[in-house]
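The chain contents come next:
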Amino acid sequence: MTSAGGGSSMQVHAVRFGPGQELFGSLQAFVEERRLRAPFIITCVGSITKATLRLANATASNTNEVIHLSGRYEIVSLVGTLNPEAHLHICLADAEGHTVGGHVLGDLELFTTAEVVVGEAADLLFAREMDDRTGFPELVVKPRS
C-alpha cells in the first residue's frame, strides 16, 4: 500500500467539453494548464461516439487486449487519476443499455458533451513508478513539498 499519511484538503474544478473534442487529451490539457499535481475524477456525465479501451485480461506482456468502439454511448462512469501518466477507467452504455468498460487508451470523441468535476488533493503529489510485481507503472502518493 502507498499512502501519504493523514489525508489532504481538496480543491474542486468543474469543466465542460463539447461535441467533437477528445475527452482524454482535453482532460490532460486541463490538468496541465492549471498545474494540478494530484488530480482525480470526482464525476463525469456525457456521451461519446468513439473509444479505445484496454480490457481487464491484459497483462504487462500481453497489452493487446484492446477494443475500438464506435457509435453513440452514454458515459455512465469515469474514474481515475489524472497525473501526467493518467490512469482512467470508463463504463459506457449503448442504446440498449448494455455496458462495456475498461482502461482508457484514448479516442474518447465526444458526441454531445462531457461535464466533468475534477478534484485535486492539495497536499499531495501523484506520480507513477514501475512496479515489478505488476509490470505496470503504478500510483505513488507523496506529500507535496
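Look up: the structure comes first, before these words.
Rules of the game
- Throughout, a residue's number is its position along its own chain's written sequence, starting from 1.
- In keeping with the predicted nature of the model, local features appear solely for residues at pLDDT of at least 70, side-chain atom pairs appear and are counted solely at 80 or more, and the whole-chain, interface and lining totals rest on all residues.
- Side-chain figures throughout are based on the complete set of non-hydrogen atoms in the structure, without hydrogens or water.
- Take the buried residues of types Ala, Val, Leu, Ile, Met, Phe, Trp, Tyr and Cys, join any two whose side-chain atoms come within 4.5 Å, and each joined set is a nonpolar core.
- Remark: exposure states derive from per-residue accessible area (1.4 Å probe, protein chains only) relative to the maximum for the residue type, with buried under 20%, exposed over 50%, and partly exposed in between.
- Helix and strand labels come from DSSP, where a helix needs a run of H or I of at least four residues and a strand needs a run of E of at least two; each type is numbered from the N terminus.
- The contact rule is simple, with two residues in contact once any of their heavy atoms fall within 4.5 Å.
- Counted as salt bridges are all cases of a side-chain nitrogen of Lys or Arg within 4 Å of a carboxyl oxygen of Asp or Glu.

Undergrad: Can you walk me through the nonpolar core in this structure?
TA: Core analysis: the largest hydrophobic core is formed by 28 residues, its most contacted members being Leu23, Leu27, Leu78, Leu92 and Val116. Looking at this core, the elements with two or more residues in it are strand 1 (10–17), helix 1 (23–33), strand 2 (39–54), strand 3 (66–81), strand 4 (87–93) and strand 5 (99–121). No other element matches strand 5, which puts six residues into this core. Those residues in contact with Leu23 that sit more than four places away from it in its chain are Phe17, Cys44, Ile75, Leu78, Leu108, Leu110, Ala114 and Val116. Within the second largest apolar cluster, five residues are counted, among which are Ala38, Ala121, Leu124 and Val141.

Undergrad: What is the right way to read the pattern of salt bridges from this model?
TA: When the charged atoms of two side chains lie near each other, side chains of opposite charge can form a pair. One pass over the full model with this rule turns up four salt bridges. When the shortest N-O distance is used, the salt bridge between Glu120 and Arg144 registers 3.0 Å. One end of the pair, Glu120, is in strand 5; the other, Arg144, is in the segment after strand 7 (136–143), with 24 residues separating them in the sequence. The class for Glu120 is buried, based on a relative accessible area of 7%. Classification of Arg144 by relative accessible area gives partly exposed; the value is 27%. With a closest N to O distance of 2.9 Å, Asp131 and Arg133 form a salt bridge. Judged by relative accessible area, Asp131 falls into the buried class, the value being 14%. Its relative accessible area of 76% is what places Arg133 among the exposed residues.

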